[in-house]
Amino acid sequence: MAHRILVVDDSPVVRLILQDMLEALGHKVVAQAESAAGAIAAFREGKHDVVLLDISLPDGEGLSVLREMRQIDPSARVFIVTGNAQKALREQAIESGALGLLQKPFDAKELAALLGQIGEAASSGAAGPA
Amino acid sequence: MTLTLAQKAAFTRLMDAGIRRSAELLGKMSDTKWGIMASSLNEISAVRLLSWFHRDGGTYLGARVASKTDLSMEFLVMFPDKSSKVVTAAVTKPHTRRLEKLPELLKLTIGEVSNILAQGIIGVVADELGRTIFLSAPKVISGTKAGVLSAALDDYDGRKDMLLMAHMDLYSENLSAECSVVVIAETESLRRILSR
């Protein structure tokens, strides 16, 4: 299942690498943002169906942005992107409504598996991503 | 106030595990194996480290990344000029077509690589302490090793801040590249956290 993805990361290198990997997997990057404010603005435009959100942004924390996105749209499908694999962070991200964490440096198989979860959950009618 | 022997041993153990994790991450990013060439994990005085670094007059590109919590810890990750180019080429190779026109690709890539290396170490520290520790965005720097370290030390108060420093070197035979990581921890905040 191809997704329309909003990529949020302050590093243009990371955004372009993700775009390259996502397009190779058959998905489309429909919007990009490099800040918390830009992420919320792009999220409100609603072109996406999935968000890949960096945990650390120059004007705010990714978890706050995640919570705001979930307030705007409680069914928002957001994956946290981080170089920070700390166990406590993983728990906080899930508690805040993230579907999962994508660890830097990226692995195409992990990325495919994460996005594949959405399709599986939707087709099985399981709770989770709408 | 200084650390107890047990606290110093705990710090050394965390740095050792952290740098191994960072070497793995660097290997994954550059698609080749990285080893730990040398490490001084115990307390080193800033003067001694500066005098050691002064022997190397080469230009380095790297980044400063700092903890954003009550644990005052900062990471300096430095690649010699040639290594920064080799590492950037290795990391961006699978995506060259998309990245080649990006202005300042070298600086941006080394900033991101440095950030991920620092995350490797702080991740081990955070898991050991059972908490989350966020890091600042990388501030990319260029200069001699001694110059970069001096600039970082300027941010501390030499009269009251006691610093614990660790220095580690990573290398890759395949890429003929190396990288230095210096961890600067403010002793009082480290002592407070390690004694919890």
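From a predicted model like this one, the values you see are computed outputs, not experimental measurements.

Now for the interface of chain A and chain B. It is common to report an interface's size as the accessible area lost on association of the parts. Counting residues at the interface gives 22 residues for chain A and 23 residues for chain B. Of all elements in the fold, only α1 (12–24) and α4 (87–95) of chain A reach the threshold of two or more residues within the side of chain A that touches chain B. Among the elements that take part in the side of chain A that touches chain B, α1(A) stands out by supplying 7 residues, more than any other. Here the side of chain A that touches chain B is composed, by residue class, of 10 nonpolar, 7 polar and 5 charged.

Next up on the list: the pairing of strand β6 (residues 78–82) of chain A. All names here are of chain A. Of all 5 residues in β6, 5 are buried; the element is thus mostly enclosed. Where strand β3 (residues 50–54) meets β6, 4 bridges bridge the pair, whose relative direction is parallel. Considered in β6, the bridge of Leu52 is made with Phe79. Strand direction decides the pairing type here: β6 and strand β7 (residues 100–103), joined by 4 bridges, are parallel. Paired with Thr82 across the strands is Gln103, a residue of β7. Taken together, β6, α4 and β7 constitute a β-α-β crossover, and its handedness is right-handed.

The subject of this paragraph is unusual backbone geometry. A cis amide bond links A:Lys104 to the next residue, A:Pro105, at an omega of -5°. Backbone geometry at B:Asp31 places phi at a positive 60°, although glycine is not the residue there. Residues other than glycine seldom take positive phi values, yet B:Ser176 does so here, at roughly 50°. Following the sequence through the fold, B:Ser176 ends up in the loop between β5 (163–172) and β6 (177–186). Among the residues examined, B:Ser176 registers 10 C-beta atoms within 10 Å and is labelled exposed.

The next subject is the nonpolar core. Counting residues in hydrophobic clusters, the biggest one holds 58 residues, and the most contacted among them are B:Val77, B:Ile121, B:Val181 and B:Val183. For this core, the element with the most residues is helix α5 (residues 105–129) of chain B, which contributes 10 residues. Residues contacting B:Val77, with those up to four places away along its chain left out, are B:Gly62, B:Ala63, B:Ser114, B:Leu117, B:Ala118, B:Cys179 and B:Val181. Ranked by size, the runner-up nonpolar core spans 39 residues in total, among them A:Leu6, A:Leu18, A:Leu66 and A:Ile80.

Attention now moves to the confidence of the model for chain A. Overall, the prediction assigns chain A a mean pLDDT of 90, with 91% of residues at 70 or greater. Scored below 50 in pLDDT, residues 125–130 of chain A shows 9 contacts in the model against residues more than four places distant or in partner chains.

With that settled, consider the environment of A:Lys28. Residues and elements named next belong to chain A. Structurally, the position occupied by Lys28 is in strand β2 (residues 28–33). Residues Lys28 and Glu95, 67 residues apart in the sequence, show an inter-C-alpha distance of 28 Å. Non-local contacts of Lys28, meaning those with residues more than four positions away in its chain, are made with Ala2, Arg4 and Ile5.

Our next topic: the packing of helix α2 (residues 46–54) of chain B against helix α6 (residues 145–153) of chain B. Residues and elements named next belong to chain B. Packing of α2 against α6 leaves a shortest axis separation of 8 Å and a crossing angle of 155°. Between α2 and α6, the angle falls in the class roughly antiparallel. Taken together, the residues of α6 that come into contact with α2 (itself represented by Ala46, Leu49, Leu50, Phe53 and His54) are Lys145, Ala146, Leu149, Ser150 and Leu153. Within the contact of α2 with α6, the residues separate by chemical class into 7 nonpolar, 2 polar and 1 charged.

Basis of the calculations
- Residues numbered from 1 in each chain as written.
- Chains lettered and ligands numbered in written order.
- Predicted model: local features only at pLDDT ≥ 70, side-chain atom pairs only at ≥ 80, totals over all residues.
- Contact = placed C-beta atoms within 7 Å.
- Helix = DSSP H or I, 4+ residues; strand = E, 2+ residues; numbered from the N terminus.
- Nonpolar A, V, L, I, M, F, W, Y, C, P; charged D, E, K, R; others polar.
- Buried ≥ 20, exposed ≤ 12 C-beta atoms within 10 Å, placed from the backbone.
- Pairing = 2+ DSSP bridges.
- Right-handed = clockwise from strand over helix to strand, strands pointing away.
- Core = buried A, V, L, I, M, F, W, Y, C linked by C-beta atoms within 7 Å.
- pLDDT = per-residue confidence, 0-100.
- Axes fitted to C-alpha atoms, helices over the stretch in contact; angles between N-to-C directions.
- Parallel < 35°, antiparallel > 145°, perpendicular 65-115°, else oblique.

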